[in-house]
Amino acid sequence: MKRPVSSLSLGSSLKGKLVRAGFQFTTDLQDLNPEHLSAEAGVSQQEALEALQAASSGHGVAPVTALELLQKEEEFRSIVTFCSQLDEALGGGVPVGKVTEICGAPGVGKTQLCLQLAVDVQVPAVFGGLGGQVLFVDTEGGFQVQRLVDLAGAAVRHCSLLAEDEEQRVAMTTFTVETILSNVFLVRCRDYVELLAELHLLADFLSNRPRLRLLVIDSVAFPFLRLHDDLSQRTRLLQGLGLRLIAAATGHNIAVVTTNHMTTRLHSSQAQLAPALGDVWGHAPSIRLLLRWEESRRLASIVKSPGHMDASVQYQITYQGFRDADQSERPPSKRPRSQTDQSASSRKNTGT
Amino acid sequence: MNWDQLQLKPRIISAIQRAHLKSVREVLVLSEPDLQKMTGLSGPDVQELLHAAATACRTHQPITALQLQRGECRRLESGLRLGTGCPVLDQLLRGGLPVGGVTELAGESGAGKTQLGLQLCLSVQYPVEHGGLSAGALYICTEDPFPIRRLQQLISEQTSLRSDVPPSLIGRLRFSDNIYVEHAADLDSLQVCLSRRAALLLAQGRVRLVVVDSVAALFRCEFRPDDWLERNKQLLTVSSMVHHLSHEFTAPVLCINQVGHTYTHTCLLSSGERLSPALGLAWANQVTVRLMMRRLQATVSRGDQSSALRRLEVVFAPHLARGGRDLAVWREGLRGVLDPVLAPFGPDVAQQEMVLPLRLNR
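Residues numbered from 1 in each chain as written. Chains lettered and ligands numbered in written order. Predicted model: local features only at pLDDT ≥ 70, side-chain atom pairs only at ≥ 80, totals over all residues. Heavy atoms only, no water.

### Regarding the overall build of chain B
Worth spelling out the cut-off: Starting at the N terminus, helices and strands are each numbered in turn, a helix being any DSSP run of H or I of at least four residues and a strand any DSSP run of E of at least two. Throughout this description, buried means an accessible area under 20% of the type-specific maximum (1.4 Å probe, protein chains only), exposed means over 50%, and partly exposed covers the range between. Residue contacts are counted whenever heavy atoms from the two residues lie within 4.5 Å of one another. All accessibility values rest on the Shrake-Rupley procedure with a 1.4 Å probe; residue burial counts only the protein chains present in the view.
Looking only at helices and strands, chain B has 15 helices and 14 strands in total. Expressed as a percentage of its 362 residues, the buried residues of chain B come to 54%. In chain B, the proportion of contacts linking residues at least 24 apart, taken out of those at least 6 apart, comes to 65%. Counting only carbon and sulfur atoms, one obtains 52% of the accessible surface of chain B, whose full area is about 16500 Å².

### A closer look at the overall build of chain A
Across its full length, chain A holds 16 helices and 13 strands. Within chain A, residue pairs in contact and separated by at least 24 positions form 64% of the contacts whose partners lie at least 6 positions apart. Carbon together with sulfur atoms contributes 51% to the accessible area of chain A, which is approximately 15000 Å² in total.

### Looking at the sheet that holds strand S7 (residues 207-213) of chain B
Residues and elements named next belong to chain B. Operational definition: Strands were regarded as paired on the criterion that DSSP finds at least two bridges between them. Throughout, an axis means a line fitted to C-alpha atoms (over the contacting stretch in the case of helices), and angles, computed between N-to-C directions, take values from 0 to 180 degrees.
In space, the nine strands of this open sheet follow the order S6-S5-S7-S8-S4-S11-S12-S13-S14, with mixed pairing throughout. With one partner strand each, in any of the chains shown, strand S6 (179-183) and strand S14 (333-337) form the two edges of the open sheet. Shown here is a sheet whose adjacent strand axes are inclined to one another by a mean of 25°, direction ignored. In terms of strand pairing, S7 meets strand S8 (residues 253-257) through four bridges, oriented parallel. Bridging across to S8, Val210 finds its partner in Val253.

### Digging into the packing of aromatic side chains
Operational definition: Aromatic pairing here means that ring centres of Phe, Tyr or Trp (its six-membered ring) are within 6.5 Å. Orientation follows from the plane angle: under 30 degrees is stacked, over 60 is edge-to-face, and everything else is tilted. Geometrically, a lysine NZ or arginine CZ counts as sitting over a ring once it is within 6 Å of the ring centre and also within 35 degrees of the ring normal.
Tallying each qualifying case throughout the model produces six aromatic pairs over all chains. Aromatic side chains B:Tyr126 and B:Phe175 sit 5.8 Å apart centroid to centroid with 50° between the ring planes, which places their arrangement in the tilted category. Linking B:Tyr126 in the loop between helix H7 (113-123) and strand S5 (136-141) with B:Phe175 in the loop between helix H10 (167-172) and S6, this pair joins segments that are 49 residues apart in sequence. Each member of the pair, B:Tyr126 as well as B:Phe175, is classed as buried. The ring centre of A:Phe185 lies 4.7 Å from the NZ or CZ of A:Arg209, which sits over that ring. The ring centre of B:Tyr126 lies 4.4 Å from the NZ or CZ of B:Arg162, which sits over that ring.

### Regarding the pairing of strand S6 (residues 212-218) of chain A
Residues and elements named next belong to chain A. Within S6, seven of the seven residues are buried, leaving the element largely enclosed by the surrounding structure. Examined bridge by bridge, strand S4 (residues 133-138) and S6 share six bridges and lie parallel to one another. Within the sheet, the bridge partner assigned to Asp138 lies in S6 and is Asp218. As paired elements, S6 and strand S7 (residues 255-260) share four bridges and run parallel to each other. By the bridge assignment, Val216 is partnered in S7 with Val257.

### Here's the deal with the interface of chain A and chain B
The line we're drawing: Reported buried area values correspond to the accessible surface (1.4 Å probe) lost by two parts on association, with both partners' losses combined. When a carboxyl oxygen of Asp or Glu lies within 4 Å of a side-chain nitrogen of Lys or Arg, that pair is called a salt bridge.
Taken together, the 61 residues of chain A in the interface contact 61 residues of chain B. Here chain A packs against chain B, burying approximately 5400 Å² in sum over the two surfaces, 59% of which is carbon and sulfur. Counting the surface chain A buries against chain B, the share from its top three residues, A:Pro106, A:Trp293 and A:Tyr319, is 11%. On the surface where chain A and chain B come into contact, there are six salt bridges.

### Remarks on the side chain of A:Gln112
The test is simple: Under the rule applied, a polar contact is a pair of N or O atoms within 3.5 Å (in protein, one hydrogen donor and one hydrogen acceptor; residues adjacent in sequence only if both atoms are side-chain atoms).
Considering the arrangement of structural elements, one finds A:Gln112 in helix H7 (residues 110-120). On the accessibility criterion, A:Gln112 (9% relative accessible area) is buried. A distance of 2.7 Å separates the side chain of A:Gln112 from the backbone oxygen of B:Pro318, its partner in a polar contact.

### With respect to the sheet that holds strand S1 (residues 63-64) of chain B
Pairing between the strands of a sheet comes from backbone hydrogen bonds, and it takes one of two forms, parallel or antiparallel. Read across the sheet, ten strands follow the order S13(A)-S12(A)-S11(A)-S10(A)-S3(A)-S7(A)-S6(A)-S4(A)-S5(A)-S1(B) without closing on themselves; strand pairing throughout is mixed. The open sheet has two edge strands, strand S13 (321-324) of chain A together with S1 of chain B, and neither has a second partner.

### Description of the side chain of A:Ser219
Residues and elements named next belong to chain A. In this structure, Ser219 sits in the loop between S6 and helix H13 (221-225). On the basis of relative accessibility, which here comes to 0%, the residue Ser219 falls in the buried class. Separated by 2.9 Å, the side chains of Ser219 and Glu140 make a polar contact. Of the polar contacts made by the side chain of Ser219, one reaches the backbone nitrogen of Phe222; its length is 3.1 Å. Excluding its chain neighbours within four sequence positions, the residues that come into contact with Ser219 are Thr139, Glu140, Thr259 and His261.

The following block contains the structure:
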């Protein structure tokens, strides 16, 4: 059905770019793949994918107002990191529905943050969490159950301290170290082909597990950096991988978190540190978090994000996990329950 | 590749054979449009092919962390550790070296790295309940000849070091029979040694520890400074081999490394240490656990022996806090010296909720 692009339920800036690039009607968008569209219209791959999905699916879809989009985004929620300053800078936490990349030097805390998110995604809804499951794809051998047990125990203790009413206390019975461990699915991939195989089977896995809210790949760099003798194949595979991750994030409403190494780049005869895997991979994540050292302090910076200002916060890794740097004895601040939660609970109370 | 194993429709199998595709790996690295062109199959058929290839390529189904902790997956031995033979050092390492992954031990010459390597070659031979893996070790020397006399001395003093093990058990172990020594003078011979000798010994179950002493020696002399691209490729090749061996046979690999002064962009990389392991960022990205051994100014004495004090530090590890323990080198081997600051907390530190202090340089 031929419809003008301006009537699709997309962001207005995206629609403007499409129209300016000459795509007036949805028929112009047919038979295009996301790479071509993003190159022609000058939009990110995520936006190109959204545009193509909207164009192919719309059958008389009514335009959506900005308010409705905002409410929909708030429903999407985010996963806290337990470092309140970083959560604030991210506007709540690591967002669901998007691809976030964590880069940094070895030992700075990338795997620790991934393990923390794997625990935090499971925080019950009554505490402001997602109560979801996680698929952890380990390519480096850095996944240690011992550490996950440490973090799970600390999270359970924190939530027990926060539990005030009956509903929260009931939720704590299902939020124990054992249940946390049972909701983390681990896959170990020894090389890039096994990683690609796992992602081919991802769609099936996700449809069998509707509670899954987080996919972690730690790391994408490790298997792909070994593919140094055929760089064009590596570029092509990374591009396909990026698209698959974006599609999984938006289509299945999950947060995708990947980790990346840092490499040295020669920039006009000066050595600089930059995330590995090149610019092609750089287009895949919507948000990039850079973890780094500054003398003995650890800093996290948001370096690429359409919705956030570049910001740097200090964090630390303790026995309990990823935390704020000035860790006082107060537990992390409670997430306020959203409007829908409160109305749902009040309905329950009045017995309707 | 026997395509019939994949249970695909006959027309898909004949299309694959016509396209001369030899393995599932070949199929998985091709894009869907390319596969369609090569085989002439329709979209849904290609999806079915990819799905079957991916299932065949997968080594194991996703398992939960709970199943992993309970030891329900044979392929993934998480949580098993190789003890060092000293309870103080084992406490620092929360049990010892992890079995799946590459541990690096870096330090200046004379710090005691080879000593720890030898001690691990002995501790691996004890049964699992005494911190070992009931198998031998392969020790690959790249610069100095193997210190055979020191090994004999350590073997003769094992009853003194391992007072936690009944002497009858120690007497039954034929230590020197189970330590295989190889020399590799250059990169090619190291690669051959790893791909053939190491793989065979590990597959036969005769060894469950590989020590490379040292990695730095091979890379420093063979490459000119501007050959760093080629050097990085070789580093990745060696790393990929040791990782593959480690994960395939659930055996720890210990890579001993030298140190050098850091020059540029230290702020992003390290936490202010001046001496850092050789081979740079490319190698650092490849190791799972990084340990450093330093010689301190102090000395300790015990009876008729005296030893310079050393310090073993955890620089990074996925399951360990940063920290260190002092140790001394005696006739019977390395023994940690209990630090008076941490002593009050007792051996069961892991049970307590506390922020482990960051050890500053003395």
